[in-house]
Amino acid sequence: MDSSMIADRRRLRRKIGFWRVVAVLLLVLLGFTAYRLIVGDVATSRAHVAHVTISGLITDDDELLERLKRIEKNDSVKAVIISISSPGGTTYGGERIFKAIRAIAAKKPVVSDVRTLAASAGYMIATAGDMIIAGDNSITGSIGVIFQYPQIRPLLDKIGVSLEEIKSSPLKAEPSPFHPASEEAKAMINNMIIDSYGWFVDLVAERRKLPHEEAQKLADGSIFTGRQALQAKLIDQIGGDDEIRAYLETRKVSKSLPEVDWNKRSSTPFLLAESVSQILTLLGYDDLVAARGLAGILPPKLLLDGLLSVWQVGHDQ
């Protein structure tokens, strides 16, 4: 047997060995996924308290909304705990999640559990609960709306680039990053912000049972500790898990009911796809699954569309 045939056989053995490893890994993943799904189905098919965590920037999250809809329709869910750790996000995203939680609350008790931070749209979501519980030093509030846009005209001037435009009317595509906004454009944006802000204030006044004037005073963008928020009637109680379960017991939800996480990784049907992508990365095929776009480069807030209800350190609201 010549050397070329020996080399070909070795290459063939290596290829067969590689695909055997891949096949074994996929079988293990299939078994693991089936186990997770079966265990998850068993856990959510018996009476329990559902726990959902909402964290990070709030957007129009279809997966979260679908999960909340399933919780609403699941008769085995006797109550829901929504744990919030968020500086806020898009006003529209907060609005949709708020309405989804209120739909659940129409059928079963819902407690909003304010963790480290639930500000702006995060606080908007918290008001959807029947009860808001926060820590002594949780941060909440920042009731308001903001609209931001960049100005790159100074940079273009420095590098000698100009932009000409022809548009159908003066307010089309305003505000623009290529020139300062006109007074008419500023008035248009301000009217939009005031309308959205008024909706937010009305929501706080209604949900927290506050006179509109009092809610308006609290909605100046200020943030509050849990203790301050309690005094201002923005939350109902200082506490944690024990206080949450004690409240649910007053709503005839037994403390003996288990708490089941309904969070993304354990409750969606996409666990297999996620696991396969992780294995491909480990095998060195990360280019097949890695995100190669602006989302992996720019800060998330720069990619948000629409009005923002978001609190951030070091910026005026």
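First, a word on scope: everything that follows refers to the structure included in this document. None of the values given here were measured: they were computed from a predicted structure.

Criteria and cut-off values
Residues numbered from 1 in each chain as written. Predicted model: local features only at pLDDT ≥ 70, side-chain atom pairs only at ≥ 80, totals over all residues. Heavy atoms only, no water. Helix = DSSP H or I, 4+ residues; strand = E, 2+ residues; numbered from the N terminus. Expected span 1.5 Å × (residues − 1). Buried < 20%, exposed > 50% of the residue type's maximum accessible area, 1.4 Å probe, protein only. Phe/Tyr/Trp six-rings, centres within 6.5 Å; stacked < 30°, edge-to-face > 60°. Pairing = 2+ DSSP bridges. Right-handed = clockwise from strand over helix to strand, strands pointing away. Core = buried A, V, L, I, M, F, W, Y, C linked by side-chain atoms within 4.5 Å. Contact = heavy atoms within 4.5 Å. Salt bridge = Lys/Arg side-chain N within 4 Å of Asp/Glu carboxyl O.

Observations concerning helix α6 (residues 183-207)
Right, so step 1: Taking 1.5 Å per residue, 25 residues should reach 36 Å; α6 reaches 36 Å between its end C-alpha atoms and fits that length.
Right, so step 2: Where α6 is concerned, the buried positions are Ala-185, Ile-189, Ile-193, Ser-196, Tyr-197, Phe-200, Val-201, Leu-203, Val-204, Ala-205 and Arg-207.
Right, so step 3: Positive phi appears at Lys-209, one or two residues downstream of α6, with a value of about 55 degrees.

Some details on the packing of aromatic side chains
Working definition: an aromatic ring pair is given by the centre-to-centre distance plus the angle between the planes.
Right, so step 1: Inspection of the entire model under this criterion finds one aromatic pair.
Right, so step 2: Ring centres of Phe-147 and Tyr-149 lie 6.3 Å apart, and the angle between their planes is 55 degrees; on these two criteria the pair is classed as tilted.
Right, so step 3: Judged by its relative accessible area of 31%, Tyr-149 is partly exposed.

With respect to the pairing of strand β2 (residues 77-86)
Right, so step 1: Burial analysis of β2 places eight of its 10 residues in the buried class, the great majority of the element.
Right, so step 2: Pairing analysis gives eight bridges linking strand β1 (residues 48-55) to β2, with the strands arranged parallel. When the bridges of β2 are listed, Ser-55 appears paired with Ser-85.
Right, so step 3: For the handedness criterion, the β-α-β arrangement of β1, helix α2 (residues 62-73) and β2 is classed as right-handed.
Right, so step 4: Relative to strand β4 (residues 110-119), β2 runs parallel, the two being bridged by six bridges.

A word on the nonpolar core
Right, so step 1: Core analysis: the largest hydrophobic core is formed by 50 residues, its most contacted members being Ile-54, Leu-68, Ile-71, Ile-82, Ile-97, Ile-101 and Leu-234.
Right, so step 2: In terms of residue count, α6 provides more of this core than any other element does, eight residues in total.
Right, so step 3: Apart from the residues lying within four places of it in its own chain, the contact partners of Leu-68 are Val-52, Ile-82, Ile-97, Ala-100, Ile-101 and Ile-104.

Focus on the pattern of salt bridges
Right, so step 1: A full pass over the atoms with the stated rule returns 17 salt bridges.
Right, so step 2: Note that Glu-66 is salt-bridged to Arg-70, the shortest N-O span being 2.9 Å. Placement of both Glu-66 and Arg-70 in helix α2 is noted, with a separation of four residues, approximately one turn of the helix.
Right, so step 3: When its relative accessible area of 39% is taken as the criterion, Glu-66 is described as partly exposed.
Right, so step 4: Here Glu-259 ties to Arg-245 by a salt bridge, and the two come within 4.0 Å at their closest N and O atoms. Residue Glu-259 is found in strand β9 (residues 259-261), and its partner Arg-245 is found in helix α9 (residues 241-250); the two are separated by 14 residues along the sequence.
Right, so step 5: Under the relative-accessibility criterion, Arg-245 is labelled buried at 12%.
Right, so step 6: Among the charged side chains, a network of salt bridges with common partners joins Asp-60, Asp-62 and Arg-96.

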